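# Close look at the chain arrangement
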Amino acid sequence: MAKVSKIRKSKKRSKVAGSSSKKPPVVYDDEQEEDVCGAEEDVSSEEDDGEDERKRQKLLEAIGALGGKRKHALAERSEAAVHMSEFSMTADDEADLSDLIGTIEKTPAATAQTKKHLKNLQRSKNTVECPLSKQENERIQRDVAFQKAALEVSRWQSIITQNQRAEQLVFPLNQEPSGPKPIEQVVMGWEARTPLEKEIFSLLAANKQPILDAVLTPAEEASVKAMDLEQVKIRRAERQKARALQSYYEAKARRERKIKSKKYHKVQNKAKRKEFVKQFEELVKTDPAAALEELDKMERARMQERMSLKHQNSGKWAKSKAIMAKYDEGARKAMQQQLEVNKDLTQKLVTSLSKEEEEEGEGNTDMLPDFVNDAEFKQDSSNPWMRGRLSEDPTEMELKDTMDVTAEGASAVTKEAEEEEGSEAEGTEEDALLREFDSRRKQRQDQESDTSAVIVNDGDDGVEEDQVTEDKVAEISDEEEEGLSEFTRMYRGIGKSLEKDAGSKDGSAELEEGLMRIRSVDDVDLLPQETPTEPQQAPTPQHQKSAEQQPSRSRKRKKGIELREVLTKETKVIKVPLAPTVTDSEEKLDQRVLIEEAFAGDDVISDFAREKRKREDEGKPKVIDLTLPGWGEWGGLGLKPSKRKRRRFRIRTEVPPPRKDQHLPSVIISEKRNSAITPHQVSSLPFPFENPAQFESSIRTPLGRTWNTERTVKKMTKPRVVTQLGAIIEPMADEQLLKGKKKVSARRRSRNTKTRTQPAK
Amino acid sequence: MKSKATFTDSHVEKKIKVKRPSVRYWNEPQKEDKSRDGENTGEAAVQQDRRAKKRKQKDETSAEKKLFSEKSDPFPGSAPIPKDRLQKFKRKDKITKPPRHYRKLKQVITRSEEASDLALKQAARFDLLLPEDAGFLEGDEDEDTCTISQEDIAEAVDITSGAKYFNLKLTQFGPYRVDYSKTGRQLLLGGRRGHLACFDWQTKQLMCEINVMESISDVKWLHTDSMFAVAQKQWLYVYDSNGIELHCIRKFNDVLRMQFLPYHFLLATASATSFLQYLDVSTGKEVAAICTKTGRLDVMCQNPHNAIIHLGHSNGTVTLWSPNQKEALVKMLCHQGGVRSVAVDKMGNYMVTSGMDKKLKVFDIRALKPLTSYFLPAGASCLSLSQRGLLSAATGDVVQVYRDVWSTPVTKPYMAHRVRGSVWGLQFCPFEDVLGVGHGEGFTSMLVPGAGEPNFDGLDANPYRSAKQRQEWEVKALLEKIQPELISLDPTDLGRVDRATFEQRHQEKVQSLGFDPHAKEKFVPKFKKKGRSSAGAVERRKKQVAHVDQRDVIRKSVEDKVKMEEQQKRKEAKKAALSRRKSALDRFKK
């Protein structure tokens, strides 16, 4: 209401002003104004007549203030425009800086500095930069304000992330858990609160009194640590003496080191060595453990020597000497000496202790089971007695083959696989041996290729060596018993036959045969026989053929045999205490007989194998040939499309992954994808997971009550946010921030104390 | 007096020994993390003791020193769990944690690992609540358990158990098929000559008895004990427990064998026309009908682990089927003659088959590999596996029971019993040590100690449930019904990420929709009048459109090429810039 009335007033006021403004002079008389105002007052409020003068004046002033224009006019009027100023200047006159300076120079009171300043000012013509625009100014202010606000807000960041990461948030936050508290917690969380308590604790702390139980106060401990004067003196003297002695010793050593005489050093070294040996022997008697350590050290030194190139006559000096050695006796001697030193240093020390050790080691080897040694012999390929397997294998193969043969006889149908088997049945023994030998040799060759750089006897030298060794062996064999010689003879015979076979199989192997690594005496035995046989042998066609066919056939046959194995696996016969008196009903029996007749023996197996092969073939990639004869080139009878074109228009499909039943001969697994389940499966990996394995393992545990205990279900299905019904959730206060900080700092402190206490243990 | 004193002394001592400070709840959180590793391993007692000591020392030195109560827990941490029990409930191996900078992933993984760890431990702990042990038969010295007769066993055991051995002499209606309900309370008998009877076999209370006046080839309980399916001469029928015919399902003809998949509510039937059909008994719809093309299907069983149906064939193969695939998932050659019977154990690990070649074979069905093979002099016509892994095989009129056929080679049966006629149907009763044998002269209920699972799951199959509980269970089971699409060889497939390529998925979509939704429409030129739709003009228009399309393709390819080249250039420039950088050693270059 008041506002409205005011507005009305002002309107009237402006009207009045408008009427009054018609008068040409700008000047108002006080009286006139008063009149106007008085009239107005009469209009607005007639009850205020009896008010005192001062109040009226105030009101008038207030009303006067309402009109902006009026005020301006008043101010104009009050300005001393008409009057002269005290500096005899009017507002119209412009004051120049030079004028001022002129006056300054006249006045002695002005300092030289100010004068200088003024002069500089006068001289400089630069204009003052205009102030920043309002927008820019505001932007800067906003920026600053934002930074401040960001700082303020970022303090909360840690708490916010903590809450975001929390497994569960219970609002209102930071409630104290209800229920009774354990006494320990209560006591530990106790703090001095009342002034009396605080005073007591501060006193205790100030006097370094233990708050918890302790045997000694810190002050007492400090006093215990301190020692008396005499002890300190004695100690000081001791230290002085030690220092002096050390310096003497150092000086002596320096002097000795500077001596250039070789002889002196030699003698010195020898003496030292002797001393050392003596000491060591004593040590052996008194303290074997220390001696062992010493020995270890020596061993290490030896190793280092062996590793380094010192004394190897490979240095610059040694090389120069080597050149000189032909002519110079001294140089030769020096080199010799050098080598001797090396020999000395690298010589293995043989002491009683080390001998013991060796013996122990031997004992250990004795303790080891025999097969450890056997393993090496097993690799020895050409020695059948060591292999042991060769003797078993042929019989096995025989057995298998005979089985096959019988099976074949039984089955009316003949097929490729059977045929192959049949052809193979002839040379089973030889083949088995061959295969065995071949594989062994390959293995050996591999090894050889690894080590060939080191140990290879090639050319004449090798032969010579062989002969020599053979002679030796012959001598030995003469000395040996008859049984053993028989043994070797037998072995030789086998070796010969083997070699024949091997030679016949492939010529390429012959070349490699020459480079044979000799591992044992028996090997050496073998070598000379080999050399004569090599040129004689001409590969027989039959054998070669068999060798060529071998891999493919063995693969095929393997499958067949495995499949058969599955069905004819050796069965355990079960003894039944009660023999069945009633057999199955007659019709069933008849049926059984019928079926047995129908599926006698192999038929089932071959059917299955055929089906499997068919499936495999279906899955194999097919080549689509899209070449059109005569397209883009000449066509006609006897003309074939060009190779380039054929290559261009032949489409190969991708090779599918290996079948799941690859290694299961008696199983056909369908390769079709189960698309029924795909709508229920997760098709794309959800966000934080990097690979399917992670995701799969994260959902491996079911959540339901059917598979879990109640507690687990509750834990796993915990809601992320829990709000208490009826509780007021207030925004987080600043205290919380402090609390969080305190916690962090407390944790840090505790960690520090822990690390400090650890060394004390 | 003295003795009394000593007695009291000892008593006190004992008390002290026995007394142990009870675990305080405030100790728990502190110790749990410390003893975590101990829990994990559950190793030998000695080691544990040492560890406990160490832990105690640690506690004393660090935190508990400050505690007011000086006593410390002599058995800190929670009780250890045996390793084998943990192994029993283990689901899959843990995965290695991702590197640190995958913070979110790491957090998710740690949380899930924690949860599954807790689940595992809790399950292992609560295994303690299965208190019942399976019994077994133990003979005297030099006495084979297989020579102990049923009468002897029935005499030796308590009356209620003894009453479980009984014979029903039903000579009229020929050999009987047998089926126990899922809880093991109800028994269903179906004679080949049409006799049908269901009853509570423990109380011998008859629920219904009818003659369907047709030959019956198989009978099967459905999900509850109020409904059962009967495969009759022509069609499949469903009756309720009062013997009232509910349905005659004409879609299912010449059914020879049936299997009910309880969690999928599927009735799988194998017919003489070599059809394998699935009937959803909750909706009454045929889910799948698969023509196996393998002749008469009279050998059938289910794998309770993954609800795969195993069929035995006359050519010695066993095939595995799911309703989602029209071809056999797996086909294995098991016998040289025809397969006579198949059985799969409860955990889905082993399959036992018997064939015309008089052999009994055990397969590891997960690896699809043969394990052992036995030769039975007369061959086994029927096989059945109990919940505890006992195998019963019927040879003629003799029923033999074997124990542990897969782990140890067996030479003698565990039990043997001669029934009156040749055996036609065999089934172990769930949760009971009873084997039901249907034969030519009726039915025999045999006692086989150690056959049934002693601990039943009250929420799954409760033999003692009331009518109300049964109703509740039915509702829950229907809610938790597993869809037939989820049947696959590996039931954990559902928890796997589908790794099919985009192309594969597209192909499947096309197959299911019948058309390609992303295919571009073929341009068909509009008909225009005034002779502008002459063959030449139409062809020209077609060509134009084709040209435009081709131009688009070309433009795109050119753009790609340019882009590639630019990239290459940029890369090279970068490389050049890198290589041009001068090194301190450049001054030595010539």
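Residues numbered from 1 in each chain as written. Chains lettered and ligands numbered in written order. Predicted model: local features only at pLDDT ≥ 70, side-chain atom pairs only at ≥ 80, totals over all residues. Heavy atoms only, no water.

Naming follows an unreviewed UniProt entry, where chain B appears as WD repeat-containing protein 46 of Nothobranchius furzeri. Taken verbatim from the UniProt record of chain B, the Subunit (unreviewed entry) comment is "Part of the small subunit (SSU) processome, composed of more than 70 proteins and the RNA chaperone small nucleolar RNA (snoRNA) U3. Interacts with DDX21, NCL, NOP2 and EBNA1BP2." Per UniProt, chain B has the following entry under Subcellular location (unreviewed entry): "Nucleus, Nucleolus". (UniProt positions renumbered as here; feature names shortened; annotations may be inferred.)

Going by what an unreviewed UniProt entry lists, chain A is known as UTP14, U3 small nucleolar ribonucleoprotein, homolog C and is assigned to Nothobranchius furzeri. One UniProt comment on chain A, placed under Subcellular location (unreviewed entry), says "Nucleus, Nucleolus". Database annotation for chain A, UniProt heading Sequence similarities (unreviewed entry): "Belongs to the UTP14 family."

## Notes on the overall build of chain B
The helix and strand inventory of chain B stands at 11 helices and 28 strands. Looking at chain B alone, contacts between residues at least 24 apart form 46% of all its contacts between residues at least 6 apart. Accessible area of chain B: about 33700 Å², with a carbon and sulfur share of 53%. (Helix = DSSP H or I, 4+ residues; strand = E, 2+ residues; numbered from the N terminus. Contact = heavy atoms within 4.5 Å. Areas by Shrake-Rupley, 256 points an atom, 1.4 Å probe, with all protein chains shown as cover.)

## A short note on the interface of chain B and chain A
In this complex, chain B contributes 97 residues to the contact, which on the side of chain A involves 80 residues. Between the two partners, chain B and chain A, sit six salt bridges. Across the pair Arg673(A) and Asp498(B) runs a salt bridge, and its minimum N-O distance is 3.2 Å. The interface formed by chain B and chain A holds 17 residue pairs in polar contact (both at pLDDT 80 or more) in total. Mapped by element, the contributors of at least two residues to the side of chain B that touches chain A are helix 6 (103–126), strand 17 (330–333), strand 20 (359–364), strand 21 (369–375), strand 24 (398–402), strand 25 (415–418) and helix 10 (502–513) of chain B. (Salt bridge = Lys/Arg side-chain N within 4 Å of Asp/Glu carboxyl O. Polar contact = N/O pair within 3.5 Å; in protein donor to acceptor, adjacent residues only side chain to side chain.)

## Section: the packing of helix 13 (residues 262–286) of chain A against helix 14 (residues 288–307) of chain A
All names here are of chain A. Direction vectors running N to C along helix 13 and helix 14 enclose 140 degrees, while the axes themselves pass 6 Å from each other. When the interaxial angle is binned, helix 13 and helix 14 end up oblique. Across the interface between the two elements, Phe276, Phe280, Leu283, Val284 and Thr286 of helix 13 pack against Pro288, Ala290, Ala291, Glu294, Leu295 and Met298 of helix 14. Residue classes in the contact of helix 13 with helix 14 are distributed as nine nonpolar, one polar and one charged. (Axes fitted to C-alpha atoms, helices over the stretch in contact; angles between N-to-C directions. Parallel < 35°, antiparallel > 145°, perpendicular 65-115°, else oblique. Nonpolar A, V, L, I, M, F, W, Y, C, P; charged D, E, K, R; others polar.)

## Quick word on the environment of Ile81(B)
Residues and elements named next belong to chain B. Position of isoleucine 81 relative to the elements: it lies in the loop between helix 4 (45–61) and helix 5 (83–89). Judged by its relative accessible area of 3%, isoleucine 81 is buried. Separated by 41 residues in the primary sequence, isoleucine 81 and glutamine 122 place their C-alpha atoms 9.6 Å from one another. (Buried < 20%, exposed > 50% of the residue type's maximum accessible area, 1.4 Å probe, protein only.)

## Thoughts on the packing of aromatic side chains
The geometry of two aromatic rings is summed up by the distance between their centres and the angle between their planes. Residues and elements named next belong to chain B. If you walk through the whole model with that rule in mind, you get 10 aromatic pairs over all chains. A centroid spacing of 5.9 Å and a plane angle of 75 degrees characterise the contact between tyrosine 180 and tryptophan 201, whose relative ring orientation is edge-to-face. Placement of the pair is tyrosine 180 in strand 2 (residues 176–180) and tryptophan 201 in the loop between strand 4 (195–200) and strand 5 (205–211), with a sequence separation of 21 residues. Residue tryptophan 201 is classed as buried on the basis of its relative accessible area, which comes to 0%. With a centroid separation of 6.2 Å and an interplanar angle of 25 degrees, the aromatic rings of tyrosine 237 and tyrosine 239 are classed as stacked. (Phe/Tyr/Trp six-rings, centres within 6.5 Å; stacked < 30°, edge-to-face > 60°.)

## Let's talk about a positive patch on the surface
Positive charge collects at one region of the surface, where Lys526(B), Lys528(B), Lys529(B), Lys530(B) and Arg532(B) lie side by side. Looking at where Lys530(B) falls in the secondary structure, it is placed in the loop between helix 10 and helix 11 (535–580). (Patch = residues over 30% accessible without salt bridge, like charges linked within 9 Å, V, L, I, M, F, W, Y side chains within 5 Å. Lys, Arg positive; Asp, Glu negative; His and termini not counted. Charge placed at Lys NZ, Arg CZ, Asp CG, Glu CD.)

## Section: the pairing of strand 28 (residues 442–447) of chain B
Sheet faces and side chains relate simply in a regular strand, where the side chains alternate between the two faces. Residue and element names in this part refer to chain B. Of all six residues in strand 28, six are buried, a share of seventy percent or more. Pairing analysis gives four bridges linking strand 1 (residues 166–169) to strand 28, with the strands arranged antiparallel. By the bridge assignment, phenylalanine 166 is partnered in strand 28 with serine 445. Here six bridges tie strand 27 (residues 434–439) to strand 28, and the two strands are oriented antiparallel to one another. Along strand 28, the bridge assignment pairs valine 437 with threonine 444. (Pairing = 2+ DSSP bridges.)

## Here's the deal with the packing of helix 14 of chain A against helix 16 (residues 329–346) of chain A
Residue and element names in this part refer to chain A. As a packed pair, helix 14 and helix 16 sit with axes 8 Å apart at the nearest point and diverge in direction by 140 degrees. Taken together, the axis directions place helix 14 and helix 16 in an arrangement best described as oblique. Facing Arg302, Glu305 and Arg306 of helix 14, the residues of helix 16 in contact are Asn342, Leu345 and Thr346. When the residues that make up the contact of helix 14 with helix 16 are grouped by side-chain class, the tally is one nonpolar, two polar and three charged.

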